There are 2 protein chains.
Amino acid sequence: VGVNMNFKNVMVVGLGLIGGSLAMALKENNDINIIGFDRNLDALKEAKSRNVISDYCTEPAQVLPECDLIVIALYPNDTVEFIRNNVNHFKSGAIIIDTAGIKNELIRDVQDFLREDVEFIGTHPMAGKAETGFKSADRSIFSKCKYIITPTARNKEENINKVIKLLKTMGAVDIVTVSPEEHDKIIAYTSHLTHVVAVSLICSGKLNVDVSDFIAGSFKDMTRVAAINGALWQELLISNSENIVSVIEDFEKHISMIKKAISEQDRTKLLEIFNEAHTLRKEIKL
Amino acid sequence: VGVNMNFKNVMVVGLGLIGGSLAMALKENNDINIIGFDRNLDALKEAKSRNVISDYCTEPAQVLPECDLIVIALYPNDTVEFIRNNVNHFKSGAIIIDTAGIKNELIRDVQDFLREDVEFIGTHPMAGKAETGFKSADRSIFSKCKYIITPTARNKEENINKVIKLLKTMGAVDIVTVSPEEHDKIIAYTSHLTHVVAVSLICSGKLNVDVSDFIAGSFKDMTRVAAINGALWQELLISNSENIVSVIEDFEKHISMIKKAISEQDRTKLLEIFNEAHTLRKEIKL
């Protein structure tokens, strides 16, 4: 564990699954002082007793003036509110990063009121688990995980590189840089649409029979994320509504085309669509 | 390995993934004589040399008069054609079972021309793998697998029980009996719809960017079956077209409702749908 020359005091805000795991992975790989903050005092106490954080605070305003980096692992709206409520307390030159699954609206909102001498850099780890809360935190979720960062013209190259260097200490690989707009457009397809589809799948097919005996791997895999965290996901989807409505419409065109081919018994058309799907799936690097 | 009192000579027709795996699992657990038949002579020779079958034939008509059980592991249309072409060669009292993923139309077709002294019993193992062909055959796919059988009024109780007993020797559990109509209706939801959705998912979202860096678990899981075997699946879907069109329409209603809630920023409605999905997914026994 080497001394981190860039960050001495780091506040992790929100010790849920992501924040808790992040604190673990950061502390294990960096000689930094991690201060935890969470509305849930029990989570803070447990994190401290398990040595996941160096210490915790219940009044962030008192500690923020000493923090070089603030890692926020809250829902999108709460992320914005935390920064807004504490905007006068950040140390000059501090860097704030978040972990939310949408970027465009959130970053625009934050930059509207953020002080000129503090930088916000959006980050989105492609990591997670079905479970939530500090009890499920696991340092290994960042090992070999893909990480997206979405800097803007307001971010200094030097600060972006400091953040990338820190994420790499946790084991993150494939750290990709895209604009917040591009991030939300792509994620609308690769993540938001899949969740909408899984929910639609589990909610349809009301057959009044127990389908458990008829379930094979595809149904199990495709409905896994339907056990959705509604409070979080309504925020993500509404914040990215234009992109999502657009990919849902594209998806609807394709399923409607397949439905038409099935109902018209058009074997040639079905085979053509299936062969395209086969090729597209094989092309994706996973 | 005990002597099977019900079946002495068993023909396995089609030594692909399912037929090859079935032959392995049957031979390992029963003292029966398994004769393989396949259009592909190389597969037959390899199966014989690996002792997966006792012997093979290239002219089923010559061997069928000695067979007590015929297990057909072909595509649905080829299953019907094999029985039609050999209808005069079956031993009196023989039982024929299949493994196709649709049952209603297939069984109706077969019963239209099958001799009165031969029984066809539809079966559908909930087992498989992404790979195809004898090279991927694996006796363990039937271990603890769910198995659906779809007898009709034409099947004797005694013969249904003989088949169930045999399937159990391979390790099949949860052997469920439903009518062919009910089978196709439920499978339209739990299997056919999921494949249609996976294909639609991979075919939409044409973003002209490499999305690989933005893919997390949900996208990977939900598009796994999109690398579909088009030749087989166009048969399955067209044979079950009415049921599938009906579940696709139900699915379309749900995704359209979510789209509407997102575009109207209706947080209450989204939360209600997501909470229902969460409950439904948790209720399913997997």
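Residues numbered from 1 in each chain as written. Chains lettered and ligands numbered in written order. Predicted model: local features only at pLDDT ≥ 70, side-chain atom pairs only at ≥ 80, totals over all residues. Heavy atoms only, no water.

### Points about helix α6 (residues 157-169) of chain A
All names here are of chain A. For α6, which comprises 13 residues, the first-to-last C-alpha distance of 19 Å matches the rise-based estimate of 18 Å (1.5 Å per residue) to within 8%. Taken together, the buried positions of α6 are Asn159, Ile160, Val163, Ile164, Leu166 and Leu167. Seen from one end, α6 has its buried residues packed into an arc of 160 degrees, which puts them on one side. Among the exposed residues of α6, those pointing more than 90 degrees away from its buried face are Glu157, Glu158, Lys165 and Lys168. Immediately downstream of α6, the backbone of Gly171 shows phi near 105 degrees, a positive value. (Helix = DSSP H or I, 4+ residues; strand = E, 2+ residues; numbered from the N terminus. Expected span 1.5 Å × (residues − 1). Buried < 20%, exposed > 50% of the residue type's maximum accessible area, 1.4 Å probe, protein only. Arc of directions from axis to C-beta.)

### With respect to the side chain of Lys146 of chain B
Relative to the assigned elements, Lys146 of chain B resides in strand β9 (residues 146-150). For Lys146 of chain B, which is buried and forms no salt bridge, the nearest opposite charge comes from Asp213 of chain A, at a distance of 5.2 Å. In contact with Lys146 of chain B, other than residues within four places in its own chain, are Ser212, Asp213 and Ile215 of chain A together with His124, Pro125, Met126, Val173 and Asp174 of chain B. (Lys, Arg positive; Asp, Glu negative; His and termini not counted. Salt bridge = Lys/Arg side-chain N within 4 Å of Asp/Glu carboxyl O. Contact = heavy atoms within 4.5 Å.)

### Considerations on the sheet that holds strand β7 (residues 95-98) of chain B
Residue and element names in this part refer to chain B. Ordered in space as β5-β4-β2-β6-β7-β8-β9-β10, the eight strands form an open sheet in which the pairing is mixed. The sheet is open, and its two edges are formed by β5 (55-56) and β10 (173-177), each paired on a single side. Pairing of β9 with β10, which is carried by four bridges, proceeds in the parallel orientation. Opposite Tyr147, over in β10, you have Ile175 as the bridge partner. Against the sheet, helix α4 (residues 76-85) makes contact with β2 (9-13), β4 (33-37), β6 (69-72), β7 and β8 (119-125), and its axis sits at roughly 150 degrees relative to β6, the strand it touches most. (Pairing = 2+ DSSP bridges. Axes fitted to C-alpha atoms, helices over the stretch in contact; angles between N-to-C directions.)

### Re the relation of the copies chain B and chain A
If you rotate chain B by 180 degrees and push it 0.0 Å along the axis, it lands on chain A with an RMSD of 0.0 Å. The symmetry that links the two subunits is that of a two-fold axis. The position closest to the rotation axis in chain B is occupied by the C-alpha of Met222 of chain B, lying 2.3 Å away. (Least-squares fit on C-alpha atoms with pLDDT ≥ 70 in both.)

### Details of the interface of chain B and chain A
Across the contact, 86 residues belong to chain B and 86 residues belong to chain A. Here chain B meets chain A over a buried area of about 8,600 Å², counting both sides, of which 72% is carbon and sulfur. Joining chain B to chain A, the criterion identifies six salt bridges. Between Arg224 of chain B and Asp221 of chain A there is a salt bridge, with its nearest N and O atoms 2.8 Å apart. Put simply, chain B and chain A have 26 residue pairs in polar contact (both at pLDDT 80 or more) between them. Counting residues per element, the side of chain B that touches chain A draws most heavily on helix α7 (residues 180-203) of chain B, which supplies 18 residues. Split into classes, the residues belonging to the side of chain B that touches chain A amount to 45 nonpolar, 20 polar and 21 charged. (Buried area = accessible area lost by both parts, 1.4 Å probe. Polar contact = N/O pair within 3.5 Å; in protein donor to acceptor, adjacent residues only side chain to side chain. Nonpolar A, V, L, I, M, F, W, Y, C, P; charged D, E, K, R; others polar.)

### A look at the environment of Lys146 of chain B
According to the relative accessible area criterion, Lys146 of chain B is buried, its value standing at 16%. A distance of 2.6 Å separates a polar side-chain atom of Lys146 of chain B from the backbone oxygen of Ser212 of chain A.

### A look at the confidence of the model for chain A
Taken as a whole, chain A shows an average pLDDT of 94; of its residues, 98% reach a score of 70 or greater. Interface confidence for the predicted complex, given as ipTM, is 0.92, next to a pTM of 0.92. (pLDDT = per-residue confidence, 0-100.)

### Things to note about the nonpolar core
In this structure, Ile70 of chain A together with Ile70 of chain B are the most contacted members of the largest nonpolar core, which totals 134 residues. Non-local contacts of Ile70 of chain A, meaning those with residues more than four positions away in its chain, are made with Met11, Val13, Leu64, Phe82, Phe90, Ala94, Ile95, Ile96 and Ile97 of chain A. Phe7, Ala23, Phe134 and Ile175 of chain B belong to the second largest nonpolar core, which has 38 residues in total. (Core = buried A, V, L, I, M, F, W, Y, C linked by side-chain atoms within 4.5 Å.)

### Brief notes about the pattern of salt bridges
Residue and element names in this part refer to chain B. Taken as a whole, this structure holds 26 salt bridges over all chains when the rule is applied. We note a salt bridge from Lys156 to Glu119, for which the minimum N-O separation is 3.3 Å. Highlighted residues: Lys156 in the loop between β9 and α6 (157-169) and Glu119 in strand β8, separated in sequence by 37 residues. A relative accessible area of 7% places Glu119 in the buried class.

### Focus on the pairing of β2 of chain B
Residues and elements named next belong to chain B. Burial of β2 is extensive: five of the five residues sit out of reach of the surface. Side-chain alternation along β2 places Asn9, Met11 and Val13 on one buried face and Val10 and Val12 on a second face that is also buried. In this sheet, β4 lies alongside β2 in parallel orientation, the contact comprising five bridges. Bridge pairing in β4 links Met11 to Ile35. Here β2 pairs with β6 via four bridges, running parallel. Looking at β6, one finds that Val12 is bridged to Val71.

### Some points on helix α9 (residues 230-239) of chain A
Residues separated by three or four positions in an α-helix point in the same direction, a consequence of the helix having 3.6 residues per turn. Of all ten residues in α9 of chain A, eight are buried; the element is thus mostly enclosed. Within the sequence span of α9 of chain A, burial applies to Gly230, Trp233, Gln234, Glu235, Leu236, Leu237, Ile238 and Ser239 of chain A. Where α9 of chain A is buried, its residues touch α4 (76-85), α5 (104-113), α7 (180-203) and α10 (241-263) of chain A together with α10 (241-263) and α11 (267-283) of chain B.

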